[in-house]
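This is what each chain is made of:
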Amino acid sequence: MNRNQVRPQRRHATPSRIERVRRQAVPKPRVIIALLLLLGLVSVMLLDGYLRAEVGNDQRVRSDASASKVPDSVLDGGPFLSFQGGTARTRSVPDKTIVLTFDDGPDPEWTQSVLDILDDNDVPGTFFLVGSMISRYPDVVRRMVDDGNEVGAHTFTHVDLSYQSAARVTREIAQTQLALAGAAGITTTLFRAPYSSTNDAIDNYSWPVYKKLGAMGYTSVFIDTDSEDWQQPGVSKIIKWATPKSGKGASVLFHDAGGNRAQTLEALPQYIKKMKAKGYTFTTVSGVQQRAQGQQAQGQQAQGQQAQGSQGTPATAGDTRQSNPEQAAHRTADTATLWEGRALLGAVAVAEWTVPGLAAVLAVVGVAVLGRFAMMLVLARRHYRQRNRRGFSWGPPVTAPVSVIVPAYNEKECIANTLNSLAASTHPIEIVVVDDGSTDGTAEIAESLGLPNVRVIRQPNAGKPAALNNGVRHARYDIVVMMDGDTVFEPDTVQRLVQPFGDPEVGAVAGNAKVGNRSTVIGAWQHIEYVMGFNLDRRMYDLLRCMPTIPGAIGAFRRDAVLGVGGMSEDTLAEDTDITIALHRAGWRVVYAEHARAWTEAPASLGQLWRQRYRWSYGTMQALWKHRKSVTDRGPSGRFGRVGMPLVVLFQIVTPVFAPLIDVFTVYAMIFVDFKASLLAWLAVLLVQLVCAAYAFRLDRERYRYLLMLPLQQIAYRQLMYLVLIHSCVTAATGGRLRWQKLKRTGEVGTPAPGTGVR
């Protein structure tokens, strides 16, 4: 199409080599913003997937491995393993003492209920927390610590560390500590490995992990009594299995997350009462260790701390929180760790809200897209049957001559084919060529053809809207047909295009634009888009009486209607959409003539395609914004504003803007979740699109072979169109401006044979 620049001096200006290099090397701010948004989205999705064990998940669990390298003193020792002075030492729970331990939390429902039970019964617990859960539910952890309970690390993603590298082991612990610091301002020296149980389950693969963590100052906590509540065996069995034998002390395992813990909640208060009745006391891991050191050692340590405090030295980050001996494993997080932890929680909060929110939006978008397909199929079929039934007529046949306006700017490659096609018209016409300051001899070529009824009007370069308005002023007839300088008509195109004017309510008619240069991959993609997207849409909009755009390649207007709305406006870059909406608001009906075909030369390169669609998208947004008051108008204007405009905004702006997210989520699901299910879902959507496209091709009597390109179009071409639209939205949001652009033409679209077109 003609893409003219308004200022001739800018058109002839040639940038220096340095300026050209700088333009190519330095990305535009809008491009940078778009890339940053994409990077942010991918990062948020990966973080959310990491928290949900979708990214980097390792479900392997080792069993039945040899323990030949593990000391017997450890395998047969107590459940608390430390490496003081580099030597492995274990410690048992004293008789008549219970250490309640809970794994896999925190959980916003079950953990809160467990804390309520512990608080009601005045007993502490030791909770081994998963870092990803801490970062998602920090308030639960904060309450847990404030209530006097003790916490330990249970890795960040609940993986079997015996399968992981040393770097991953360190990262799992460090990330859990960061989450703890952000949630409660502490770190911990307690650790429990996922899938661990009693000491004798330590094997040659996990033993190096425990030694590594011991060297880092961690106490690894095992169990000697397992309630096996995760099996949900029933309340009585949970209580029975959690009860130590012969009055011995025990490190007892329960779970406060990871599944339905209703039986745990019912069994726990009964268990506590039962054990208290037997004379048992409850404490934490640190409580056992503190008692084992004896009252004298505790007193000496407390005196040392008091003396240090009296010298005015504040407790430094990392000091033990010994105001409560049962929380002695807690350390005050240093400033750096504290703020890193808070940053982690902030990022997680963003991910927790963003990803589910986007998923909900995409669900709505998906339903809207499927609804649109269904509506298009139903209305397109109704439109076809209505307009093609025997005896259908718009009114009296339109036989009067019409004026065909051809705005042209540097169209030397195409102008001859365009005018020759018009000369073969079966309807009486006059041809008004408006040369918009061409510098390649376009006007001279038009005059040299010597065709009858052709007038060439020259004007300084002023842009396509000005050229069209000039042509309307010089038109001699009441009906004007507007086309582009690179478009060719079939002999009966004008006759078919103007017949709807037999209805006095019709003020404009949209024709059926076809891609002539469809032999290339890019051309075939655009051909599918024109048939399926544009023309199927126009059938739907025609019946709903809210046609948003008459294509610049082929459209017919009542001359008085155009002049009545002020002519073609220069307010937007989509003058065709602007004039169409203006006619709706003026009370005119706009219809679609499917059999009036025009063959246009589509952009032949991705760069030209990007520039064309970028301008179309941005211009459409301008036109919608310009006519936004139609939403509150009454009459025909209000009808378009409350029917047509929401449809255009939803299906041409909102849906395409969010559509790339569907693809991003699909790729994510294929890689990290379920490849087969995700692929089947994508193929199902592709099948729906294929059905719609096939029906559109049938209505337009096109060959189905081009539909073989549809899968590749969905993968490559559609993404390009989405990026163009997003780029346009960013431009609009940042207040950017866009100029007319002239696309390079080849003139390869010639005059089709009568009644056959290009197949």
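Quantities reported herein were computed from a predicted structural model and do not represent experimental measurements.

Asks: Teacher, can you tell me more about the pattern of salt bridges here?
Replies: Where side chains of opposite charge bring their charged atoms close, a pairing between them can arise. Under the defined criterion, the tally for this structure stands at 26 salt bridges. A salt bridge links Asp-484 to Lys-464, with the shortest nitrogen-to-oxygen separation between them at 2.7 Å. With Asp-484 in the loop between β16 (479–483) and β17 (487–489) and Lys-464 in helix α16 (residues 464–474), the pair connects residues that are 20 residues apart, well separated along the chain. The burial state of Asp-484 is the same as that of Lys-464; both residues are buried. The shortest N-O distance in the salt bridge between Arg-539 and Glu-594 comes to 3.0 Å. Taken as a pair, Arg-539 in helix α18 (residues 521–544) and Glu-594 in strand β20 (residues 589–600) lie far apart in primary sequence, 55 residues in all. By the burial criterion, Arg-539 is buried, and Glu-594 matches it. Look at the salt bridges and you will find they share partners, linking Lys-514, Arg-518, Arg-539, Glu-594, Asp-700 and Glu-702 into a network.

Asks: What should I look at first to understand unusual backbone geometry in this one?
Replies: Excluding glycine, most residues fall at negative phi; most peptide bonds, likewise, are trans. For the peptide bond that leads from Gly-105 to Pro-106, omega is 0°, which places it in the cis range. The residue Pro-106 is located in the loop between β3 (97–105) and α5 (110–121) in this model. In this structure, Tyr-195 is a non-glycine residue whose phi angle is positive, near 65°. Take Tyr-195: it is sitting in the loop between β7 (190–191) and α9 (207–215). Tyr-195 sits in the partly exposed class, given a relative accessible area of 44%.

Asks: Help me out: how do you make sense of empty space enclosed by the protein in this one?
Replies: To find the voids left in a structure, one rolls a probe of water-molecule size over its atoms. Applying the stated criterion across every chain yields a total of two cavities of 30 Å³ or more. Around the largest cavity, the lining comprises 14 residues; the ones closest to its centre are Met-482, Pro-551, Gly-552, Phe-557 and Asp-576. Residue contributions to the lining of the largest cavity peak at three residues, all from strand β19 (residues 554–558). Looking at the lining of the largest cavity, its residues break down into eight nonpolar, two polar and four charged.

Asks: It is not clear to me how α18 should be interpreted in this structure. Could you clarify?
Replies: In an α-helix, one full turn covers 3.6 residues, which means residues spaced three or four apart are oriented alike. Between its first and last C-alpha, α18 extends 34 Å over 24 residues, near the 34 Å set by a 1.5 Å rise per residue. Taking burial as the measure, the 24 residues of α18 include 19 buried ones, the bulk of the element. Directly after α18, the chain includes Arg-545, whose backbone phi takes a positive value near 60°.

Asks: What should I look at first to understand a nonpolar patch on the surface in this one?
Replies: Nonpolar side chains collect at one region of the surface, where Ile-32, Leu-36 and Leu-39 lie side by side and expose about 280 Å² of accessible area between them. Positionally, Leu-36 belongs in helix α3 (residues 29–51).

Asks: Could you clarify how one ought to interpret the side chain of Ser-438 in this entry?
Replies: Residue position: Ser-438 is located in the loop between β14 (429–436) and α15 (442–448). Polar side-chain contacts of Ser-438 include one of 3.5 Å to the backbone oxygen of Ala-408. A distance of 2.7 Å separates polar atoms of two side chains, one belonging to Ser-438 and the other to Asp-435. Aside from chain neighbours lying at most four places away, what touches Ser-438 is Ala-408, Tyr-409 and Asn-410.

Asks: Where do I start with the environment of Ala-174 in this structure?
Replies: With respect to the helices, strands and loops of the structure, Ala-174 is situated in helix α8 (residues 166–184). The class for Ala-174 is partly exposed, based on a relative accessible area of 38%. Taking the C-alpha atoms as reference points, Ala-174 and Gly-131, separated by 43 residues in sequence, lie 9.3 Å from one another.

Asks: I keep staring at the confidence of the model for the protein chain and nothing clicks. Help me out?
Replies: Note that predicted coordinates carrying low pLDDT should not be read in detail. The share of residues in the protein chain with pLDDT of 70 or more is 88%, and the mean pLDDT across the chain is 85. With pLDDT under 50 throughout, residues 1–27 is counted as low confidence; its partners more than four residues away or in other chains account for 51 contacts. Between residues 753–759, whose pLDDT stays under 50, and residues either more than four places distant or in other chains, the model counts 18 contacts.

The rules behind these values
- Residues numbered from 1 in each chain as written.
- Predicted model: local features only at pLDDT ≥ 70, side-chain atom pairs only at ≥ 80, totals over all residues.
- Heavy atoms only, no water.
- Salt bridge = Lys/Arg side-chain N within 4 Å of Asp/Glu carboxyl O.
- Helix = DSSP H or I, 4+ residues; strand = E, 2+ residues; numbered from the N terminus.
- Buried < 20%, exposed > 50% of the residue type's maximum accessible area, 1.4 Å probe, protein only.
- 1 Å grid on protein atoms, 1.4 Å probe; cavity = no way out; pocket = protein on both sides within 12 Å on 5 of 7 lines; lining within 4 Å.
- Points joined across faces, edges and corners; volume = space filled by probe spheres on them.
- Nonpolar A, V, L, I, M, F, W, Y, C, P; charged D, E, K, R; others polar.
- Expected span 1.5 Å × (residues − 1).
- Patch = residues over 30% accessible without salt bridge, like charges linked within 9 Å, V, L, I, M, F, W, Y side chains within 5 Å.
- Areas by Shrake-Rupley, 256 points an atom, 1.4 Å probe, with all protein chains shown as cover.
- Polar contact = N/O pair within 3.5 Å; in protein donor to acceptor, adjacent residues only side chain to side chain.
- Contact = heavy atoms within 4.5 Å.
- pLDDT = per-residue confidence, 0-100.

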